[in-house]
Every structure is written in C-alpha cells, then in structure tokens.
2 protein chains.
Amino acid sequence: MARYGCVEAGGTKFICAVADEAGNIEAEVRIPTTTPEETLGQALRFFQTQHGLGDAALRSLGVACFGPVDLQTESPTYGMITATPKAGWRMTPVVRFLQEGLGVPVGFDTDVNGAALAEGVWGAGKGLQDFVYVTIGTGIGGGAVVGGRAVHGAMHPEMGHMRIPHDRERDPFAGICPFHGDCWEGLCSGPALRARFGEAAENWPEDHPGWDLAAEYTALAVQNILCTLSPQRILLGGGVMQQARLFPMLRQKTASLLNGYLSAAATAVDLETVIMPPALGSRAGILGGLVLALRAAGVEV
Amino acid sequence: MARYGCVEAGGTKFICAVADEAGNIEAEVRIPTTTPEETLGQALRFFQTQHGLGDAALRSLGVACFGPVDLQTESPTYGMITATPKAGWRMTPVVRFLQEGLGVPVGFDTDVNGAALAEGVWGAGKGLQDFVYVTIGTGIGGGAVVGGRAVHGAMHPEMGHMRIPHDRERDPFAGICPFHGDCWEGLCSGPALRARFGEAAENWPEDHPGWDLAAEYTALAVQNILCTLSPQRILLGGGVMQQARLFPMLRQKTASLLNGYLSAAATAVDLETVIMPPALGSRAGILGGLVLALRAAGVEV
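All of these numbers come straight from a predicted model, not from anything done at the bench.

## Description of the overall build of chain A
- In terms of helices and strands, chain A carries eight helices and twelve strands.
- Relative to the compact-globule value of 19 Å for 301 residues, chain A shows a C-alpha radius of gyration of 20 Å, a close match.
- Summed over its atoms, the accessible surface of chain A is roughly 11500 Å², and 52% of this surface lies on carbon and sulfur atoms.
- Each charge sign in chain A was given a centre, from 21 positive and 30 negative side chains, and these centres are 2 Å apart.

## Here we look at the side chain of His180 of chain A
- Relative to the helices and strands, His180 of chain A resides in the loop between strand E10 (149–150) and helix H4 (184–188).
- The buried category is assigned to His180 of chain A, whose relative accessible area is 6%.
- A polar contact of 3.2 Å, which involves the side chain of His180 of chain A, links it to the side chain of His161 of chain A.
- Those residues within four positions of His180 of chain A in sequence are excluded, and the remaining contacts are His161 and Arg163 of chain A together with Gln223, Leu257, Leu258 and Tyr261 of chain B.

## Structural notes on the interface of chain B and chain A
- The interface is formed by 35 residues belonging to chain B together with 35 residues belonging to chain A.
- Both faces considered, chain B and chain A share a buried interface measuring about 3200 Å² in area, 60% of it formed by carbon and sulfur atoms.
- Joining chain B to chain A, the criterion identifies zero salt bridges.
- The interface formed by chain B and chain A holds 28 residue pairs in polar contact (both at pLDDT 80 or more) in total.
- Only helix H6 (210–229) and helix H7 (246–258) of chain B provide two or more residues apiece to the side of chain B that touches chain A.

## Focus on the pattern of salt bridges
- Under the criterion given, the structure shown has 20 salt bridges over all chains.
- In this structure, Glu216 of chain A and Lys253 of chain A form a salt bridge, with 2.9 Å as the shortest nitrogen-oxygen distance. On the criterion of sequence distance, the pair formed by Glu216 of chain A in helix H6 (residues 210–229) and Lys253 of chain A in helix H7 (residues 246–258) is long-range, its members being 37 residues apart.
- Its relative accessible area of 17% is what places Lys253 of chain A among the buried residues.
- Salt-bridge contacts for Glu100 of chain B lead to Arg96 of chain B; the nearest nitrogen and oxygen are separated by 4.0 Å.

## Details of the domain arrangement of chain A
Residue and element names in this part refer to chain A.
- Parsing chain A into structural domains produces domain 1 (3–110 + 282–296) and domain 2 (124–278).
- Between the C-alpha centres of domain 1 and domain 2 the distance comes to 28 Å.
- Contacts between domain 1 and domain 2 engage eight residues on the former and nine residues on the latter.
- Carbon and sulfur atoms supply 46% of the area that domain 1 and domain 2 bury against each other, a total of about 650 Å² over both sides.
- Contact with domain 2 buries surface across domain 1, with Leu71, Gln72 and Arg295 losing the most and accounting together for 55% of the total.

## Points about the confidence of the model for chain A
- Residues with a pLDDT of 70 or more make up 99% of chain A, whose mean pLDDT is 95.
- At the level of chain-chain contacts, confidence expressed as ipTM amounts to 0.95, with global pTM at 0.96.

## Here we look at empty space enclosed by the protein
All names here are of chain A.
- By the definition in use, this model includes one cavity of 30 Å³ or more.
- Considering only enclosed or pocket space, the largest cavity measures out at about 40 Å³ in volume.
- Contributing to the lining of the largest cavity are Asp130, Phe131, Val132, Ala144, Val145, Val146, Leu229 and Pro231.
- Taken together, the elements giving at least two residues each to the lining of the largest cavity come down to strand E8 (131–136) and strand E9 (140–146).
- Broken down by element, the residue count for the lining of the largest cavity peaks at three residues, all from E9.

## Some thoughts on the sheet that holds strand E7 (residues 106–110) of chain A
All names here are of chain A.
- Taken in spatial order, the five strands line up as E3-E2-E1-E4-E7 in an open sheet, and their pairing is mixed. The sheet is open, and its two borders are formed by strand E3 (25–32) and E7, each paired with just one other strand. Direction aside, the axes of adjacent strands within the sheet are offset by 15° on average.
- Pairing of strand E2 (residues 13–19) with E3, which is carried by seven bridges, proceeds in the antiparallel orientation. By the bridge assignment for E3, Ala17 is matched with Glu28.
- Running over the sheet, helix H1 (residues 36–50) touches strand E1 (3–9), E2, E3 and strand E4 (58–65) and is turned about 10° from E2.

## So, unusual backbone geometry
- Note the cis peptide between Gly67 of chain A and Pro68 of chain A, where omega equals 5°.
- Of note, Pro68 of chain A is situated in the loop between E4 and strand E5 (80–81).
- A positive phi is found at Ser230 of chain B, a non-glycine position, where the angle reads about 50°.
- Looking at the element boundaries, Ser230 of chain B is found in the loop between H6 and strand E11 (233–237).
- Positive phi, close to 55°, is recorded for Asn259 of chain B, a residue that is not glycine.
- Turning to its location among the elements, Asn259 of chain B is positioned in the loop between H7 and strand E12 (275–276).

## Here we look at the relation of the copies chain B and chain A
- Rotating chain B by 180° and translating it 0.0 Å along the rotation axis places it on chain A, where the RMSD comes to 0.0 Å. Put plainly, the chains are arranged around a two-fold axis. Looking at the rotation axis and the C-alpha trace of chain B, the residue lying nearest is Pro165 of chain B, at 1.9 Å.
- With an isologous cut-off of 70% or more, the 100% of interface residues of chain B that recur at the interface of chain A puts this contact in the isologous class.

What counts and how
- Residues numbered from 1 in each chain as written.
- Chains lettered and ligands numbered in written order.
- Predicted model: local features only at pLDDT ≥ 70, side-chain atom pairs only at ≥ 80, totals over all residues.
- Heavy atoms only, no water.
- Helix = DSSP H or I, 4+ residues; strand = E, 2+ residues; numbered from the N terminus.
- Rg over C-alpha atoms; globule rule 2.2 N^0.38 Å.
- Areas by Shrake-Rupley, 256 points an atom, 1.4 Å probe, with all protein chains shown as cover.
- Lys, Arg positive; Asp, Glu negative; His and termini not counted.
- Charge placed at Lys NZ, Arg CZ, Asp CG, Glu CD.
- Buried < 20%, exposed > 50% of the residue type's maximum accessible area, 1.4 Å probe, protein only.
- Polar contact = N/O pair within 3.5 Å; in protein donor to acceptor, adjacent residues only side chain to side chain.
- Contact = heavy atoms within 4.5 Å.
- Buried area = accessible area lost by both parts, 1.4 Å probe.
- Salt bridge = Lys/Arg side-chain N within 4 Å of Asp/Glu carboxyl O.
- Domains from an automatic or database assignment.
- pLDDT = per-residue confidence, 0-100.
- 1 Å grid on protein atoms, 1.4 Å probe; cavity = no way out; pocket = protein on both sides within 12 Å on 5 of 7 lines; lining within 4 Å.
- Points joined across faces, edges and corners; volume = space filled by probe spheres on them.
- Pairing = 2+ DSSP bridges.
- Axes fitted to C-alpha atoms, helices over the stretch in contact; angles between N-to-C directions.
- Least-squares fit on C-alpha atoms with pLDDT ≥ 70 in both.

Here you go:
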C-alpha cells in the first residue's frame, strides 16, 4: 500500500503520522505547538525522515488545521493560518512551508472539516453525502459535507458563532464569546458551561442542571443547522458531548422545537439516526489529515 | 436555438413558459392553482400545444415548485409535493404527471432553489459558486448554492424556520409560525410584520419603526447563514425587501452583530458585496424553471 503523511494541526499540539489508504498508522509523533518555525520545522523533519524511495515515498501530505485558515486555492494567502489570536501564528504559510520542504502535494482544510470527511469515509457518516460534524469542547466548531465535499464557501463555516435564543430569565449568564457574548459557543462551549457552574462539564454528575441547559442550546443550534443545510445526519462530538445522556435529551428537545416540521425529522425516534455521536473519537483529526492527503494524491475516498 | 418548457409552480398560480437557453421567452401562460388535476392538466395541455416536431420540439421541462417537495431521485415519492397544508395538493406527483404526459426529461426543484440557480446564471449570483438566495414575503424561504449546485440534503433547506434571538421586552409579539411561533418567519415574514402594525410593510413609510425590527431579525438570520454556509453572497428579495432602505440598515446591523468576526465580512462596507438584492425580480421563478429544464437536458449552465 502507498504511504501518506497526515497532520492534525492543533493549537496545543501537532499530531503527525504516516498511514496507508485504509487508515493503518505506521508512525506517529506529537509536537507541542510553540512557534511556527519550531513546530512546523519539527513536523517537516519527521516527514523528511519518513519519506523514502520508491514504494517507501510519501505520496502526499494532508493537513487538518486549526483556524481561521484560507482555503481559496486561487487566493495569495491560500494555505495560511490567517487571523488567529494565537501568538505568532498569524499569516503562517502552512501549506507552502510543507510543500516546498517535502516536494509532494499537500491537501489542506480546517480541523473540523477534516474530521467531518474522516467520519464520512470511516465513521458515523459513512455512505452519506450530506451531513454535519460538530465538536463542542473548548470552542464549538462545525464542518458541513455537501455532496461528499466539505463546504468552504467564502471562508469556511464557523457554526459555533450562530445566534440562538437566550432566555436570560432562566439563564442570566452573559456568555463568554469575546466577539458575540451569547452566541452558541459563548453560551455552550466547555468553558462557558464551566464559567456558570464552577466545574468542567466532564466532571458533572448525571443529574447536574447544566445538562438540560446544554441540551437546550444545542437543540436550538441543531434546528438551525437542519433548516439551513438539511443534512442527513448531524454528528456531535467533543468533550461536552461525552455525556451519553445528552443524546436522548437533545433528540427530545429538538423534536419538541421542530414540532412536527421537517417531515424527515419529526420525532425523537426519527431523530435517532439524525442526531448521533461520531464514531472515530480522538482519531477523527489525524484521519481527517489522511482523507486530505488521499484526495491531494488523486485518490477518491 | 432549442426550446425548453419552464414552470414556476406557486401556491396561487402556475406560470408556464417556453424559452430558449438564453432566457428569451416566446410564450407564457398563467394558470390559477386550483386542484392538481385542473392546474397540472392545463399546464400539460399548454406544453403539448407548444411541443412541435424537430427543432420545434421541447427538449425538456423544468419545474420550480412550491413545497415541501421530495427531491431525492431514488425515493418512491420523488418529484411529488409532499406534506403541504394546501388543500388537495398533498402527495401530488408533479414530475411523473408531466413526464408521462409530455415524454421529455423533467427537472425539478423547490421554487427558491430554482430562483437561486437562475440568479447564479443570469442575475446577482453570476460567477459565484457559493451563495444563498432568500425571499421574505408571505413566508421566508432560502435556497443555498454550494459549488454551483442547489443544496438538497435530506429534504431541502427551510431557512425561514431557523431560531433567532427574540427580545420580548422590545417586541412582545409572539410570532405567527404555526409550528414554532417566533422563528425567523414567525417574526419577520410579511404577514408577521403586518400582524404587529396593522398595515402591510409594502405600504409603510420610510421612517416606520417596523423597518428597524425587520432589519434586526434579518441581520441575526444573516449571521447564522454566514456562520453555517459561509456563502460568498446572500441575495435577499421578496415583498418585504423591496424597501431599498433596508439594505444599508441590514449591512450595518450585521456588521455590528459580527463584531469583526469573519474577516471577509467585518464592516458594513465589506458587506456591500455580500448582502445584496437579487437582480431578476419577478422573473427569477420562471427562469429557475429554465435552469432546471436546461440541466435536465444535459446543458450545463
């Protein structure tokens, strides 16, 4: 089997791996995200070491990257991390650096788009052409797949920043998004939930009142995603969604909000195949890099 | 030039026309929407009369249809109007009836998707691959174009039914959506605006307080569309949007809501090319039918 380089480029660490087209990983390193020179330099050296001759060559590289990034191939800043608040990383030419250093095609997309594509190839979106992958953790991100391709548009979706109804009587919390206050991410990300209750959601007991709040806001966002993209499925992962109890609550609340509208998603039972957890867990990111590498090499997955 | 049949199938009237691939219309009739038998029967007879021999044959038909409709080509109810509240029209096999009666390929999509595609070919979305068309009138509908194709997904988008923040202190109106009360359509459609102020928005003076409210709700929905689909442009038409003053207000409010987020849309000036009126006016519907007919005949537009 051919060999491909995969990068999950995160704000805390870069995971770099070499894998075959079936997703078997033969080598992997974790590199702390410090400066672009240091982190990208270490990533490049790893792949140079892995890049052999003949069948041992890396056919391509795929990078699922933290953002915001420029995905417009015709843009002069294509392949860069753009307006990130992360110190030192603004306007970092990720694709150019790796492409020049390694001399193979480099596929590039956001981390959530990469994860969405990986779920579509090997995970809970398998066989679907139109679905959405959402991660609720430190922030809230969403990747949309339409006709089997990740939606880019003018930039890329930033689903966490959608506006949803906020009942300030029930929940007077102002929200923590530095841009919007009480957008979905401002109300319902891990840090937003922790800020209200003083304890991370991951440590809440099953009967913690925060779960109902998280399910309520997420149901509102799910309705908006259903109304805007009409996906066949919405996969919800990330730290906050690890509480299995959230899924039946979320389906019940979404059904109640939709109130019979959208015939394909009228009841909580119907929603069992629409609102689901992803299947790849923490591997979604690096396998996202692999899908991008495969497509950059012209392999259709 | 070849000849194509086009239908704008609305809840009040069906417009049927014959056009060439440049959009020149050579014949057109308006048929009241009564019963499916009567209305579709009249439409079919019009096209049978128009369907000549050789170069005078209709190569195909395209129907931009009121909904909800089934757009899944592999579904047993493909090409039907499905769960419509319109008396007598539930489960009407529009495509099958016209295809069997005329014996030419029939293209089929929602009315807003058709209008969106027409704007992409001849109107204000020309040259764009990713944009959204919204109409705010009796209801609120939205069609999304991604990579040049109308988004269908599991069903089709129903953007008017997204949830947006509703400040009940400022605007105690409960909303008129029979399913959701105060979704976007429930708060901001023509009838919702009229219900608050006793007069249709079309007749409001320039300084009517309702404009600010309509701009506010629409800006919230525009932010959600930008965050979910990342379109290059959002075209907003329909009766309510005929007030030209709404556009600068809407851009200002959207810029203020985004608060610098989404670098391509940071200010009201940047938003001048993002938030725009459509260009085809009342012709968008029938030209939507033409795009669907052209694509059904294998003509790429």
